[in-house]
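Survey of secondary and tertiary structure
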Amino acid sequence: MVSRCSCLGVQCLLLSLLLLAAWEVGSGQLHYSVYEEARHGTFVGRIAQDLGLELAELVPRLFRVASKRHGDLLEVNLQNGILFVNSRIDREELCGRSVECSIHLEVIVDRPLQVFHVDVEVKDINDNPPRFSVTEQKLSIPESRLLDSRFPLEGASDADVGENALLTYKLSPNEYFVLDIINKKDKDKFPVLVLRKLLDREENPQLKLLLTATDGGKPEFTGSVSLLILVLDANDNAPIFDRPVYEVKMYENQVNQTLVIRLNASDSDEGINKEMMYSFSSLVPPTIRRKFWINERTGEIKVNDAIDFEDSNTYEIHVDVTDKGNPPMVGHCTVLVELLDENDNSPEVIVTSLSLPVKEDAQVGTVIALISVSDHDSGANGQVTCSLTPHVPFKLVSTYKNYYSLVLDSALDRERVSAYELVVTARDGGSPPLWATASVSVEVADVNDNAPAFAQPEYTVFVKENNPPGYHIFTVSAWDADAQENALVSYSLVERRLGERSLSSYVSVHAESGKVYALQPLDHEELELLQFQVSARDGGVPPLGSNLTLQVFVLDENDNAPALLASPAGSAGGAVSELVLRSVGAGHVVAKVRAVDADSGYNAWLSYELQSAAVGARIPFRVGLYTGEISTTRALDEADSPRQRLLVLVKDHGEPSLTATATVLVSLVEGSQAPKASSRASVGVAPEVALVDVNVYLIIAICAVSSLLVLTLLLYTALRCSAAPTEGACGPVKPTLVCSSAVGSWSYSQQRRQRVCSGEGLPKADLMAFSPSLPPCPMVDVDGEDQSIGGDHSRKPRQPNPDWRYSASLRAGMHSSVHLEEAGILRAGPGGPDQQWPTVSSATPEPEAGEVSPPVGAGVNSNSWTFKYGPGNPKQSGPGELPDKFIIPGSPAIISIRQEPANSQIDKSDFITFGKKEETKKKKKKKKGNKTQEKEKGNSTTDNSDQ
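The structure displayed is predicted, hence computed values, not measured ones.

Regarding the overall build of the protein
- A count of helical and extended segments in the protein gives six helices and 56 strands.
- When burial is assessed residue by residue, the protein has 43% of its 947 residues classed as buried.
- Considering only residue pairs separated by 6 or more positions, the protein has 68% of its internal contacts joining residues 24 or more positions apart.
- Looking at the protein as shown, the accessible area adds up to about 49000 Å², and 53% of this sits on carbon and sulfur atoms.

This is how it looks when you write it as structure tokens:
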């Protein structure tokens, strides 16, 4: 019978007791305890508070409790963070006879991922009474047994542990037997009957006793078994083992028929009563009977089945030896078999709670996965160490016993490595060691950390002007090292203003392909360089981008015809009327045609041709190929028509060339037929006949004074230069060829040194034009140029230097007149460089033209003026004279420099002109009278003759 003390007050008190949580120093883990059989809702501990978590963050961070086998026994209230009992906890069911019993919990929270380990110790209560395996034990005892004979009994067992399982035995009162307790090695006890009074079968053939077992719990529980003692009449001596308890140690996993022990027993009787048989006691359970076998005759115990340390590490075998007497007598012993562990179990690796994929910008220390390892072996064989694939940006961090966290150890870069195959190896401490592996695939997620990149930061594109709208100019391309939407590149213009218009009105870029289109025809004359930036942006958040500079040079085409400039005698493009005296000689300049071309380079290089009005007509005029000056080719005679209609064809050098035609009406008059008004006089000013004579006298007086001044200067110069030449003295020297600059084909083909000597010291240069940084060149002689009047206009001019290009900044467009008051006002200071006179030249054998080295592009120094005397030029200047004409590089403007004889009366304000129409003279005030008007008329006539 099983009895239990029914103390309801004490039991309720035990069920309501709670053990508070405490932090264990060094481990950093939480430990709680709770009694088994606690009611649902019993408080265990404030787990959220003890873990340092706020109640408000339990739900957002997905607070959860996990256990491998006992997930429903305990639960956490997410509202208050309390760990409580959720269902019935039976310690005996959880841990059996184990002294220590605990429930291991894993507390997991996300954002960031954290894991806490909690051990809840299940404390035992005395809820199990002692129990005997049978309700009645039978013992056959011969009456001949001596006093103090001992008869072992089967003890009781208690499912509880500790004090609750400590049993005490009590035998019912009798006169024959007393109870003795034998303590076993594992602190268990088993009862033994000791004979205190000889038995007499005739008096008492059998005895009935009651054995009671009581545990040490509070309240106490008891269990009892009936002892039926049969008194036998036979053998006087029972077999006796040499030891009552045998202890054997052996390794697990022994093969069958391995000898465990050989038992030895003896019997003092003789004959048949001395013959013995060995057998397992009836107390041996069937599991032990299957694993071990005993030889009845020899007493050898051998292995009969697999014995595994992990199943059970000790076996208690009760052996009886029985003689063949009548009645037979039995001896007893106990064999304790202790198994030794072998390293026969490989570790187990379990990977849980993977946080994949991992962003490449994840912080160092981020938890990637949770790893747990286990080994069923014990001791060193069960001690497991974990390792990770080397040379990876991850590491294993031990969190609790055999629990590890896979964390990020260094920065990730998806562009370098997009995925990692990690191998976790668990190795035990056995000899030889066993190991197990687990693979973890970690994919690295892309973040937008790479901006689109162009192959180079700047591109230059050349596009001809007048392109059709939608013309494809260029294709930009950028590459992004990221993936998916972070690598999708779109293109756009970096908007800015170009004058009054926006950049997007000129060009556009396709957002996906990067093709750049011109939205409208480009005009070189309006826009020579279109520089803008194209932006490339990826599709990441936030987007990254970079810019590319695109320089679009608009190449010139010959799309502008030469335009005639207005002259004093007529409007632009109209006929020009000029009066010419029949008495003028050959080479007299009658008029000048001025034209400009809005193009640049060859397209703006103009040439002039004179077209005959009638076939076979003999025209006494010619036009300068590049100057546009109309001059007489011979002396005029009576046979020449008094009215000449000259057609001047102005043509550029483009492909195809464009032309314009200027009409010049020349009227031949006799010397006595003075014009009534100057062609340059303002409209509305009428000549007065009464002042003609006064003006003539005034002109003669001015010419006389001027001639006297010129003669004086010439005489002084001749006297100074007639002295013996010394170093630095005046005098002509050989012309020197000056080589071209390194940036173009400009060169001085004629270098002339001319000094005007005086008694003041060093000579002074009257006019100086030089090119800096010129290399030294060989000296060449310049032969005299043959003078001729007629020119063959039918010959095509030689092609100019192919290196000639007009830069945009020096293009034809600057047309103005430059007037120098005196021939000697352009001079260098004392000790200045020698004079280098540039003159206009051409590629034709015209008598007044030389060879020209046209300007090269924008890189040419603007001081590098060029001239070269042609072989037929009669204008080679002597000492003290100025060259006829010269040009300014980078511009088709031509500077004409004329020298007249000393007796020639000229208007010195027109000494040098730039090929543009000369400005109309200002009107003289009427209060100056007829004398002033006559002087103005004379000057105008002189200007016409100069042209």
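A look at unusual backbone geometry
- With an omega dihedral of -5 degrees, the bond running from Arg111 to Pro112 counts as a cis peptide bond.
- By secondary structure assignment, the location of Pro112 is in the loop between strand 8 (102-109) and strand 9 (114-123).
- Put simply, Leu356 and Pro357 share a cis peptide bond, and its omega is -5 degrees.
- Positive phi, normally seen in glycine, also occurs at Gln257, with a value near 70 degrees.
- Summarising the element assignment, Gln257 is placed in the loop between strand 18 (245-251) and strand 19 (259-262).

Overview of the sheet that holds strand 53 (residues 659-669)
- Judged by pairing direction, the sheet is mixed, and its four strands sit side by side in the order 46-53-52-49 without closing on themselves. The open sheet has two free edges, formed respectively by strand 46 (576-581) and strand 49 (607-611), since each of these has just one partner strand. Averaged over all pairs of adjacent strands, the angle between strand axes in this sheet comes to 30 degrees, irrespective of strand direction.
- Here strand 46 runs beside strand 53; their pairing, made up of six bridges, is parallel.

Quick look at the pattern of salt bridges
- As enumerated under the stated definition, the model contains 18 salt bridges in all.
- Across the pair Arg582 and Glu670 runs a salt bridge, and its minimum N-O distance is 3.3 Å. A residue pair is termed long-range when its members are at least 10 positions apart, and Arg582 in the loop between strand 46 and strand 47 (589-592) and Glu670 in the loop between strand 53 and helix 5 (692-721) qualify at 88 residues.
- Notably, a salt bridge pairs Arg634 with Asp640, separated by 2.7 Å at the nearest N-O pair.
- The network of salt bridges with shared partners includes Glu37, Arg88 and Asp90.

Details of the pairing of strand 9
- Counting buried positions over the 10 residues of strand 9 gives seven, a clear majority of the element.
- Here eight bridges tie strand 8 to strand 9, and the two strands are oriented antiparallel to one another. Directly across from Val107, in strand 9, lies its bridge partner Phe116.
- Connecting strand 8 to the next strand, strand 9, in antiparallel fashion are four residues, including Arg111 with a positive phi near 55 degrees.

A closer look at the packing of aromatic side chains
- Taken as a whole and judged by the stated rule, the model has 10 aromatic pairs.
- Measuring from centroid to centroid gives 6.1 Å for Phe241 and Tyr278, while their planes differ by 50 degrees, and the two rings are tilted. Note that Phe241 is positioned in strand 17 (residues 240-241) and Tyr278 in strand 21 (residues 276-280), a separation of 37 residues in sequence.
- In this structure Phe241 comes out as buried when scored by relative accessible area, which is 8%.
- Taking the relative accessible area as the measure of exposure, Tyr278 reaches 5% and is therefore buried.

Regarding the side chain of Ser535
- One can find Ser535 in strand 43 (residues 529-537).
- Under the relative-accessibility criterion, Ser535 is labelled buried at 4%.
- A polar contact of 2.7 Å, which involves the side chain of Ser535, links it to the side chain of Arg537.
- Of the polar contacts made by the side chain of Ser535, one reaches the side chain of Asn547; its length is 3.3 Å.
- Apart from residues lying up to four places away in sequence, Ser535 is in contact with Ser490, Tyr491, Ser492, Val494, Ser546 and Asn547.

Re the sheet that holds strand 31 (residues 403-408)
- The four strands are arranged 26-28-31-30 in an open sheet whose pairing can be described as antiparallel. The sheet is open, and its two edges are formed by strand 26 (348-352) and strand 30 (394-400), each paired on a single side. Within this sheet the neighbouring strands show an average axis-to-axis angle of 30 degrees, counted without direction.
- Examined bridge by bridge, strand 30 and strand 31 share six bridges and lie antiparallel to one another. The residue of strand 31 that forms the bridge with Lys395 is Val407.

Things to note about the environment of Glu106
- By secondary structure assignment, the location of Glu106 is in strand 8.
- Distance from Glu106 to Ala66, taken between C-alpha atoms, is 5.0 Å for residues 40 residues apart in sequence.
- With near-sequence residues (within four places) excluded, Glu106 lies in contact with Arg64, Val65, Ala66, Phe116, His117 and Tyr403.

As for the environment of Pro130
- Note that Pro130 resides in the loop between strand 9 and strand 10 (136-142).
- Among the residues examined, Pro130 registers a relative accessible area of 1% and is labelled buried.
- Remark: the alpha-carbon pair of Pro130 and Ser157, spanning 27 residues in sequence, is separated by 5.3 Å.
- For Pro130, the residues in contact, after removing those within four places along its chain, are Ala156, Ser157, Asp158, Leu167, Ala213, Thr214, Asp215, Phe221, Thr222 and Gly223.

Conventions and cut-offs
- Per chain, residue numbering runs from 1 following the sequence as it is written.
- Owing to the predicted nature of the model, reporting of local features is limited to residues with pLDDT of at least 70; listing and counting of side-chain atom pairs is limited to 80 or more, with chain, interface and lining totals taken over all residues.
- In computing side-chain properties, one takes all heavy atoms of the structure into account and sets aside hydrogens as well as water.
- Helix and strand assignments come from DSSP, with helices taken as H or I runs of at least 4 residues and strands as E runs of at least 2, each series counted from the N terminus.
- Residue burial is assigned from relative accessible area. The probe radius is 1.4 Å, only protein chains are included, and a residue is buried under 20% of its type maximum, exposed over 50%, and partly exposed in between.
- Here, residues are in contact when the closest pair of their heavy atoms is within 4.5 Å.
- Accessibility throughout is a Shrake-Rupley quantity obtained with a 1.4 Å probe, and a residue counts as covered only by protein chains that appear here.
- Criterion used throughout: strands pair if DSSP finds at least two bridges between them.
- An axis is simply a line fitted to the C-alpha atoms; with a helix, the fit covers only the stretch in contact. Between two such axes, the angle follows the N-to-C directions and lies from 0 to 180 degrees.
- The term salt bridge refers to a pairing of a side-chain nitrogen on Lys or Arg with a carboxyl oxygen on Asp or Glu at a separation within 4 Å.
- What counts as a ring pair is set by centres within 6.5 Å for rings of Phe, Tyr and Trp (its six-membered ring), and what kind of pair is set by the plane angle: stacked under 30 degrees, edge-to-face over 60, tilted for all other angles.
- We call two N or O atoms a polar contact when they sit within 3.5 Å, provided that within protein one can donate a hydrogen and the other can accept it, with sequence-adjacent residues counted only if both atoms are side-chain atoms.

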